[in-house]
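The residues making up each chain are set out below.
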Amino acid sequence: MQDDLTSRQTALALDPEVFRAIGHRLVDDLAEFLTRIPTRPVTSDDSPDAVRAAVGANGPLPEHGTDPAALLADLVPRLVSHSLLNAHPRFFGYITSSPAPIGVLGDFLAAAINANVGSWTLSPAATEIEAQTVRWTAEFIGFPADCGGLLVSGGNMANIVGVLAARAAAAPWDVRTQGVGAGGGRRLVAYASAETHTWIQKAADITGLGTDAIRWIPTGRDQRMDTHALEAAIDADRAAGHVPCVVVGTAGSVSTGAVDPLTAVAAICRARGIWFHVDGAYGGFAAAVADPDDDLRALSLADSVAVDPHKWLYAPLEAGCALVRDAAALRRAFAYHPPYYHFDEHVVNYVDYGPQNSRGFRALKVWLAMKQAGAAGYRQTIREDIALSQAMARAIAAHPELELVTQHLSIATFRFVPADLRASLSIPDVAAYVDALNRALLDRIQRGGELFVSNAVIDGRYLLRACIVNFHTSLADVHAVPEIVVEQGRRLDRAMRGELTR
Ligand SMILES: *Cc1c(COP(=O)(O)O)cnc(C)c1O
């Protein structure tokens, strides 16, 4: 230990002038990076070893420190060349959006303020900004703005918060003190369509319901929940003495963007007094641009909704948002009052609204982007993403070697079918070959760096899947997709058939 603690020289101190100089350099480097993204490959095809070596994520913890200016200047180009660039105009993978630049600055600012948004006292401005962000989020999608809600890490957590609120409200016993097992043979059960994102399994597990308590409701050919099957499942559980805890409707499924018949599901839940939760992690924000009779609008009838600002509000990761119609129901699921907290009960203390204790200022990047774009700016951007996906679907459908399978919201699913095999897809061997071909094609496309798509499996068919939550994408990028896919598909087909006949 240093003997003189009257003027400490700590290893973490950064002279204000040095901070300023390094910060300016970093902003300059990032501005350059953001400008150059379209000229770079979407991702590099390096091995984990190569990536570790390139970014210096190997070796033991350094015993002695490094000059911070050199550290950052050296790291930025390495990080850039070994990251997948989801701000690339040809990134269509999964549902990861391009980040709004103001959100990037927002995270920087939030870290500098370092508000602990667990309690109002520790974060007066940040709490008020988060509360406003929650109200604006609700208002934008047509949910009551006086709901309870908070920012969380993403869609998974937002959905889990919804289920925890449902669990506390639904159990006829005090589930928070007595646990889920206190119902004796009566089990809390959850209903979700077979297309539901895998968060539902984590939620059933974490909430103690157990994944066996998930009733997987079949979907029709349109990938939407079969509501007759839902009613039958609820009635069967009630007859068996079980306790329906929550019905999950999906507003934009992860695979195809399909929207469950939320109006009908809401009516079923209302008639039977069951908590209605909507997973709008992907499609929730599209409710803002939906036609009045669109099922998306019916998320306004839910008891709780999960949305993901880091998807269709283009917030940099991480930002999910849980909304619960009855704010008191949300507090009833989370609040405790330990003796070591002395918090004013007349203000929002987010520690009472969710699972986290110390919390970062996630709302800032979302709030700043909402202010920059305005509701109209967001509606237009979301509409354009949808229009671009529809344009991509048309280009795919028009290509003789591509088969378009679905197009909902901003997701198109399709596959490459060699021209000579098109007529024989009903032959099992041919179908299996086309699946294998598209699987290999996906791998090749993802490694190639020209564009990035992901996959879906529909009716047993292996498909490519392009999702646009990307305000950098233009019509030219969308129209480039069929040629790139077919070009690589043909080459791969030749190579694979060459091997088969050898
Ligand atoms: C992305 C997604 C999730 C999970 O959200 P994360 O932010 O990745 O945790 C859940 N449901 C749907 C429909 C999604 O698209």
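Higher on the page you've got the structure.
The structure presented is a predicted model; accordingly, all values stated were derived computationally and were not measured. (Residues numbered from 1 in each chain as written. Predicted model: local features only at pLDDT ≥ 70, side-chain atom pairs only at ≥ 80, totals over all residues. Heavy atoms only, no water.)

Student: Quick question: what am I supposed to make of the site of the ligand here?
Tutor: Taken together, 15 residues surround the ligand, and among them Gly155, Asp279, Asp308, His310 and Lys311 come closest. In this structure, Asn156 approaches the ligand through a main-chain N or O atom, which is 2.8 Å from an oxygen atom. In the environment of the ligand, an oxygen atom lies 2.7 Å from a nitrogen or oxygen atom belonging to the side chain of His310. Expressed as a share of its isolated accessible area of 380 Å², the protein-covered part of the ligand is 85%. Elements with a minimum of two residues in the shell around the ligand: helix H6 (155-170) and helix H11 (309-312). (Near = heavy atom within 4 Å. Polar contact = N/O pair within 3.5 Å; in protein donor to acceptor, adjacent residues only side chain to side chain. Areas by Shrake-Rupley, 256 points an atom, 1.4 Å probe, with all protein chains shown as cover. Helix = DSSP H or I, 4+ residues; strand = E, 2+ residues; numbered from the N terminus.)

Student: How do you make sense of the sheet that holds strand E10 (residues 454-458) when you look at a structure like this?
Tutor: One open sheet holds the 4 strands; their spatial order is E8-E9-E11-E10, and the pairing between them is antiparallel. Bordering the open sheet on either side are strand E8 (402-408) and E10, each of which pairs with just one other strand. Going across the sheet, the axis of each strand differs from the next one's by a mean of 35°, ignoring polarity. Alignment of E10 against strand E11 (residues 461-467), held across 5 bridges, turns out to be antiparallel. Residue pairing across strands places Ala456 opposite Leu463, the latter belonging to E11. Along the sheet, helix H14 (residues 428-448) makes contact with strand E9 (411-416), E10 and E11, crossing E11 at roughly 30°. Its contacts with the sheet place helix H15 (residues 475-501) against E8, E9 and E11, and it is angled at close to 30° to E9. (Pairing = 2+ DSSP bridges. Axes fitted to C-alpha atoms, helices over the stretch in contact; angles between N-to-C directions. Contact = heavy atoms within 4.5 Å.)

Student: I'm lost on the environment of Ala171 in this one. Help?
Tutor: Tracing the backbone shows Ala171 in the loop between H6 and helix H7 (175-178). According to the relative accessible area criterion, Ala171 is buried, its value standing at 10%. Linking Ala171 and Arg491, residues 320 residues apart in sequence, is a C-alpha distance of 58 Å. (Buried < 20%, exposed > 50% of the residue type's maximum accessible area, 1.4 Å probe, protein only.)

Student: Would you take a moment to explain the pairing of strand E1 (residues 148-152) for this structure?
Tutor: Where a strand is regular, its side chains alternate between the two sheet faces. Within E1, 5 of the 5 residues are buried, leaving the element largely enclosed by the surrounding structure. The alternating pattern of E1 places Gly148, Leu150 and Val152 and Gly149 and Leu151 on opposite faces, both of which are buried. Pairing of E1 with strand E7 (residues 320-324) involves 5 bridges; the strand directions are antiparallel. Its bridge partner lying in E7, Gly148 is registered against Val324.

Student: I'm lost on the packing of aromatic side chains in this one. Help?
Tutor: Under the defined criterion, the tally for this structure stands at 9 aromatic pairs. Grouped by ring-pair contacts, the aromatic residues Phe140, Phe285, Tyr314, Tyr378 and Phe471 constitute a single cluster. (Phe/Tyr/Trp six-rings, centres within 6.5 Å; stacked < 30°, edge-to-face > 60°.)

Student: I tried to follow the side chain of Glu401 on my own but got confused; where do I start?
Tutor: Among the structural elements, Glu401 can be located in the loop between helix H13 (363-398) and E8. Relative accessible area serves as the criterion here: at 12%, Glu401 is assigned to the buried category. Those residues within four positions of Glu401 in sequence are excluded, and the remaining contacts are Arg415, Phe416, Val417, Ala419, Arg422, Val486 and Arg490.

Student: What is the right way to read the packing of H6 against helix H12 (residues 327-334) from this model?
Tutor: Think of two packed helices as two axes; the pair is described by the angle between the axes and how far apart they sit. H12 packs onto H6 with a crossing angle of 90° between their chain directions and a minimal axis gap of 8 Å. When the axis of H6 is compared with that of H12, the two are roughly perpendicular. On the side of H6, the interface is formed by Val161, Leu164, Ala165 and Ala168, while H12 contributes Ala329, Leu330, Arg332, Ala333 and Phe334. (Parallel < 35°, antiparallel > 145°, perpendicular 65-115°, else oblique.)

Student: How should the nonpolar core be read in this particular structure?
Tutor: The biggest cluster of nonpolar side chains holds 105 residues, and the ones touching the most others in it are Ile141, Leu230, Trp312, Phe361 and Ile382. Top element by residues in this core is H13. It accounts for 10 residues. What Leu230 contacts, discounting residues up to four positions off in sequence, is Tyr191, Ile217, Met225, Val247, Val265 and Ile268. Among the nonpolar cores identified, the runner-up in size contains 31 residues, and Phe92, Leu451, Ile484 and Leu492 belong to it. (Core = buried A, V, L, I, M, F, W, Y, C linked by side-chain atoms within 4.5 Å.)

Student: Sorry if this is basic, but what is going on with a nonpolar patch on the surface here?
Tutor: Together, Leu14, Val18, Phe19 and Phe108 make up a nonpolar patch on the protein surface, roughly 360 Å² of accessible area in all. Along the chain, Phe108 turns up in helix H4 (residues 101-113). (Patch = residues over 30% accessible without salt bridge, like charges linked within 9 Å, V, L, I, M, F, W, Y side chains within 5 Å. Salt bridge = Lys/Arg side-chain N within 4 Å of Asp/Glu carboxyl O.)

Student: It is not clear to me how unusual backbone geometry should be interpreted in this structure. Could you clarify?
Tutor: Excluding glycine, a negative phi dihedral is what most residues carry, and trans is how most peptide bonds are arranged. With an omega of 0°, the peptide bond between Leu317 and Glu318 qualifies as cis. Assignment of secondary structure puts Glu318 in the loop between H11 and E7. Unusually for a residue other than glycine, Asn114 sits at a positive phi of about 55°. Looking at where Asn114 falls in the secondary structure, it is placed in the loop between H4 and helix H5 (124-141). One non-glycine residue, Gln223, adopts positive backbone phi at about 65°. Structurally, Gln223 can be placed in the loop between strand E3 (214-217) and helix H9 (227-239).

Student: Quick question: what am I supposed to make of helix H10 (residues 262-272) here?
Tutor: Residue pairs spaced three or four apart in an α-helix point in one direction, given the helix's 3.6 residues per turn. Looking at H10, one finds that the buried residues are Leu262, Val265, Ala266, Ile268 and Cys269. The arc enclosing the buried residues of H10, seen along the axis, measures out at 160°, which places them on a common side. Away from its buried face, by an angle of more than 90 degrees, H10 presents the exposed residues Arg270 and Ala271. Next to the buried residues of H10 lie H9, strand E4 (243-250) and strand E5 (275-280). Looking one or two places after H10, you find Gly273, whose phi comes out positive at around 65°. (Arc of directions from axis to C-beta.)

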